[in-house]
Amino acid sequence: MGIAVAVLLDFPNLNLKEYAVVNGVIDIPYIPGLLAFREAPLMIKAYERLRCEADLIVVDGHGVTHPREFGVASHVGLILNRPTIGVAKGLLYGDIVKGDDEVEYIIVNNKVGGLVYPHQGKKLYISIGHKISIKSLKAITPKLFKSHFLPEPTYIADAISKNFRRSRW
DNA sequence: GCGACAG
DNA sequence: ATCTTGTCGC
């Protein structure tokens with residue numbers, strides 16, 4: 001069994017409006033590159049529980065910066081037919097190349113798939129998931145943060161997940 | 001063959 | 001991811 005949390009935030013304030021916690025069976029083991037097959041179904045179930053049409057879905061993990069250019073963020077975006085981006089704490093696939101704008105981009109098969117986002121002394125790897133351009137990704141990324149290391153949607157979902165696990169034990 | 005390897 | 005003490009940096 002596993003759980004998934006989906007949160008709905010307003011923009012640009014990033015205040016929590018709604019959230020949903022779901023649980024279900026997770027039988028597939030974690031295999032790098034195949035994360036979506038393990039995590040996507042519950043994530044989708046949680047999102048659908050919100051009964052909303054989000055302008056952007058922020059997903060834990062990578063999007064096109066993936067060996068098959070199709071990480072969990074792309075997977076979720078395609079199924080839900082919504083724009084998605086992936087946010088990861090480590091690089092899975094791709095080459096880091098610094099652009100003329102001094103931003104480090106993640107290149108996959110000669111295409112720009114994402115960027116490295118330096119933040120609070122560390123780095124986050126932000127990638128295109130589905131239905132978003134690198135230009136929009138670059139523009140929206142700084143607007144997803146409040147005062148935490150993780151983007152606000154991720155931080156809030158994480159916090160709810162931890163509380164839920166604690167009260168449930 | 002060896003190393004690397006999102007969560 | 002999870003288990004866990006002390007330590008480092010802002």
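Residues numbered from 1 in each chain as written. Chains lettered and ligands numbered in written order. Predicted model: local features only at pLDDT ≥ 70, side-chain atom pairs only at ≥ 80, totals over all residues. Heavy atoms only, no water.

Caption draft 1: View of a nonpolar patch on the surface. On the surface, a cluster of nonpolar side chains totalling about 340 Å² of accessible area is made up of Ile28, Ile31, Leu34 and Phe37. Position of Ile28 among the secondary structure elements: in the loop between strand S2 (16–24) and helix H1 (35–49). (Patch = residues over 30% accessible without salt bridge, like charges linked within 9 Å, V, L, I, M, F, W, Y side chains within 5 Å. Areas by Shrake-Rupley, 256 points an atom, 1.4 Å probe, with all protein chains shown as cover. Salt bridge = Lys/Arg side-chain N within 4 Å of Asp/Glu carboxyl O. Helix = DSSP H or I, 4+ residues; strand = E, 2+ residues; numbered from the N terminus.)

Caption draft 2: Structural detail: the sheet that holds strand S4 (residues 84–88). If you walk across this open sheet you meet the 6 strands as S3-S4-S8-S7-S6-S5, and the pairing is mixed. Of all the strands in the sheet, the pair left with one neighbour each is strand S3 (57–60) and strand S5 (95–98). Taking the axes of each pair of neighbouring strands and ignoring which way they run, one obtains an average angle of 35° across the sheet. In terms of strand pairing, S3 meets S4 through 4 bridges, oriented parallel. Across the sheet, Val59 pairs through a bridge with Gly86, a residue of S4. (Pairing = 2+ DSSP bridges. Axes fitted to C-alpha atoms, helices over the stretch in contact; angles between N-to-C directions.)

Caption draft 3: Geometry of the protein's contact with DNA strand B. Neighbouring residues of DNA strand B: 14 residues in total, closest Tyr30, Gly33, His62, Val72 and Lys89. Protein-adjacent atoms of DNA strand B, using a 4 Å cutoff, are sugar or phosphate at a proportion of 36%. Interatomic distance of 3.3 Å between a backbone N/O atom of Leu35 and a base nitrogen of DNA strand B. Lys89 has a polar backbone atom sitting 3.1 Å from a phosphate oxygen of DNA strand B. In the surface near DNA strand B, the residues fall into 7 nonpolar, 6 polar and 1 charged. (Near = heavy atom within 4 Å. Polar contact = N/O pair within 3.5 Å; in protein donor to acceptor, adjacent residues only side chain to side chain. Nonpolar A, V, L, I, M, F, W, Y, C, P; charged D, E, K, R; others polar.)

Caption draft 4: Here's a closer look at helix H2 (residues 72–80). With 7 of its 9 residues buried, H2 lies for the most part within the structure. Considered for burial, the residues of H2 that qualify are Val72, Ala73, Ser74, His75, Val76, Gly77 and Leu80. The elements touched by buried residues of H2 are H1, S3, S4 and strand S8 (122–130). The first or second residue beyond H2 is Asn81, which carries a positive phi of 55°. (Buried < 20%, exposed > 50% of the residue type's maximum accessible area, 1.4 Å probe, protein only. Contact = heavy atoms within 4.5 Å.)

Caption draft 5: A look at the side chain of His119. With respect to the helices, strands and loops of the structure, His119 is situated in strand S7 (residues 111–119). If sequence neighbours within four positions are ignored, His119 has contacts with Phe145, His148 and Phe149.

Caption draft 6: Inspection of the nonpolar core at higher detail. Formed by 18 residues in total, the largest nonpolar core has its most connected members in Ile85, Leu124 and Ile126. Elements supplying a minimum of two residues to this core: S4, S7, S8 and helix H3 (134–140). Broken down by element, the residue count for this core peaks at 3 residues, all from S8. Among all residues touching Ile126, those that are not within four sequence positions of it are Ile85, Gly86, Val87, Ile106, Gly114, Leu115, Tyr117, Leu137 and Thr141. Membership of the second largest hydrophobic core comes to 11 residues, among which are Ala40, Tyr47, Ala54 and Val72. (Core = buried A, V, L, I, M, F, W, Y, C linked by side-chain atoms within 4.5 Å.)

Caption draft 7: Inspection of unusual backbone geometry at higher detail. Note that the residue after Phe11, namely Pro12, is joined by a cis bond; omega there is 10°. Here Pro12 is to be found in the loop between strand S1 (2–9) and S2. Notably, Glu102 is not glycine yet its phi reads approximately 70°, a positive angle. Structurally, Glu102 can be placed in the loop between S5 and strand S6 (104–108). Although it is not a glycine, Lys131 sits at a positive phi angle of roughly 55°. Relative to the helices and strands, Lys131 is located in the loop between S8 and H3.

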